[in-house]
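Residues per chain, in single letters:
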Amino acid sequence: MRSTTRGRGAAAVAGGLGLALVLAACTAPPEDDGGDAGGGGDGGGDVSEECQDYVDTYGDLSGTEVTVYTSITAPEDEAHIQSWVPFEECTGADVIYEGSREFEAQLPVRVQAGNAPDIAYVPQPGLLNTLVTDFPDAVQPVGELAEANVDEYYSEAWKGYGTVDGTFYGTPLGANVKSFVWYSPSMFEEAGYEIPETWDDMIALSDEIVAAGGTPWCAGIGSGDATGWPATDWVEDVMLRSAGPDVYDQWVNHEIPFNDPAVAEAMEYVEGILKNPEYVNAGFGDVSSIATTEFTDAGYPILDGECWMHRQASFYQAQWPVYQEDAVVAEDGDVFAFYLPPIDPENQPVLGGGEFVVTFSDRPEVQAFQAYLASPEWTNAKLESSGPGWVSANNSQDTSLYESPIDALSAELLADESRTFRFDGSDLMPGAVGAGSFWAEMTAWLATDKPTQDVLDAIEASWP
């Protein structure tokens, strides 16, 4: 798909009143008929205060064009396209969108062929590292204005994930939180259960559910060629809690081996839930059924009253209406989620993921657009044009714009300075491990009861 937003004006954002008002202000009519009132920053007429701020910050970019390449395709692409309209209308730049399901395979091909887009949305730090390593002259360092925005509006960790060998290449875009446990508020209330605040509380609750004749957990790691990744998320989330962020970083960077005792300890915690036949796998079968249950389906037994808890990321909210059309995701709804409790109350980390904005040109309009995408103004415009399922880690965003309570809770966790954020470990590891042996060995761990030490040894041996 290839589309441009030029000429759409306020009609393009009819779904977001606040954004439409900004556009109305930005395209104020001229005082006389002697000039061209087009969509650009000076437009030949008076410029509103809102648009003047854009021009003062980003410059008059009339007649320029910025191409953006992403993995986000229709219909999810429309919210991104709409969020760019204030920038286009006020600066005069023309931003052209292209989404592709073959993005990750095609982006390196295009860069190598000299046909790189101006900007790409890169979904993993590992891919960013590969692009910089393979095409050091193509990927451009972040410009001063964009870097200043990141320094002001994002935590230091996010800047670190966009940095390769000491150079800042990728500004943060969207985010997601993986440290969630889904549950039924009405089931908990009826049974008199409280949301656990510590890991020990969660295990005690699981035992209480078993004693009452229930099955506390349901899980599934099936995902086509990517089968196994939900199990790696379990290990990463627990590793952050059992070993702490510093050891987690050493593990991800292979400063300690994959079969280090700290990793084995994290696996023991996970084993205590996922390989406990009394705890799993409600609605599907025994422990081995976790390996063959699709992750998209794994939480559904909660809606049927067959299981009580399911650990999965914030983006899983999109799955509930697929199974039950009128399912309400809310604190007093059919399903909601709580923060995966800490093992040590003094260490309450957040595991998540996100995308990064990478440029392949240092033209002023490209640098300006990257800076806009790192600003609270863009974040708020994106929130106004988006439905549930998109979250930002920008600490100056207007959180009242979130329609989904899970998204609002995710943003709250990401902005909480008392919590340490860490990126999904498998996305940071070499592809042969993070998207290879780690997935495969965790699948074998559940499907065939492969011993933990053998699993860790095999992954360590695969590290390139």
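Look up a bit, the structure's there.
These numbers come from a predicted model, not from an experiment. (Residues numbered from 1 in each chain as written. Predicted model: local features only at pLDDT ≥ 70, side-chain atom pairs only at ≥ 80, totals over all residues. Heavy atoms only, no water.)

Draft legend 1. The arrangement of the sheet that holds strand S8 (residues 180-183) in detail. As summarised here, the arrangement of the 3 strands in space is S9-S8-S10, forming an open sheet in which the pairing is antiparallel. Two strands bound the open sheet, and with one partner strand each, they are strand S9 (310-311) and strand S10 (336-339). Sheet topology note: the S8/S10 ladder contains 4 bridges and is antiparallel. Opposite Tyr183, over in S10, you have Phe336 as the bridge partner. (Pairing = 2+ DSSP bridges. Helix = DSSP H or I, 4+ residues; strand = E, 2+ residues; numbered from the N terminus.)

Draft legend 2. Up close: the environment of Ser418. Within the secondary structure, Ser418 is located in the loop between helix H17 (405-415) and strand S12 (421-423). Separated by 181 residues in the primary sequence, Ser418 and Asp237 place their C-alpha atoms 17 Å from one another. Side-chain polar atoms of Ser418 contact the side chain of Asp416, separated by 2.6 Å. (Polar contact = N/O pair within 3.5 Å; in protein donor to acceptor, adjacent residues only side chain to side chain.)

Draft legend 3. The arrangement of the nonpolar core in detail. With 116 residues, the main nonpolar core has Trp84, Phe87, Trp251, Phe258, Met309, Trp320 and Phe369 as its most contacted residues. Examining the composition of this core, we find that 8 residues originate from one element, helix H13 (residues 261-274), more than from any other. Setting aside anything within four residues of it in sequence, one finds Phe369 in contact with Val66, Val68, Trp84, Phe87, Val95 and Ile119. Formed by 16 residues, the second largest nonpolar core is a distinct cluster that contains Leu127, Val132, Val164 and Phe360. (Core = buried A, V, L, I, M, F, W, Y, C linked by side-chain atoms within 4.5 Å. Buried < 20%, exposed > 50% of the residue type's maximum accessible area, 1.4 Å probe, protein only. Contact = heavy atoms within 4.5 Å.)

Draft legend 4. Spatial organisation of the packing of aromatic side chains. Applying the stated rule across the entire model yields 35 aromatic pairs. Considering the side-chain rings of Tyr316 and Trp320, the 5.2 Å spacing of their centres and the 85° angle between planes classify their relative orientation as edge-to-face. No difference in accessibility class separates Tyr316 from Trp320, as the two residues are buried. An aromatic cluster is defined as three or more aromatic residues linked by ring pairs; in this entry it consists of Tyr54, Tyr58, Trp84, Phe87, Tyr97, Phe369 and Tyr372. Here Arg419 stacks its cationic end above the ring of Tyr339, 4.5 Å away from the centre of that ring. (Phe/Tyr/Trp six-rings, centres within 6.5 Å; stacked < 30°, edge-to-face > 60°. Lys NZ or Arg CZ within 6 Å of the ring centre and 35° of its normal.)

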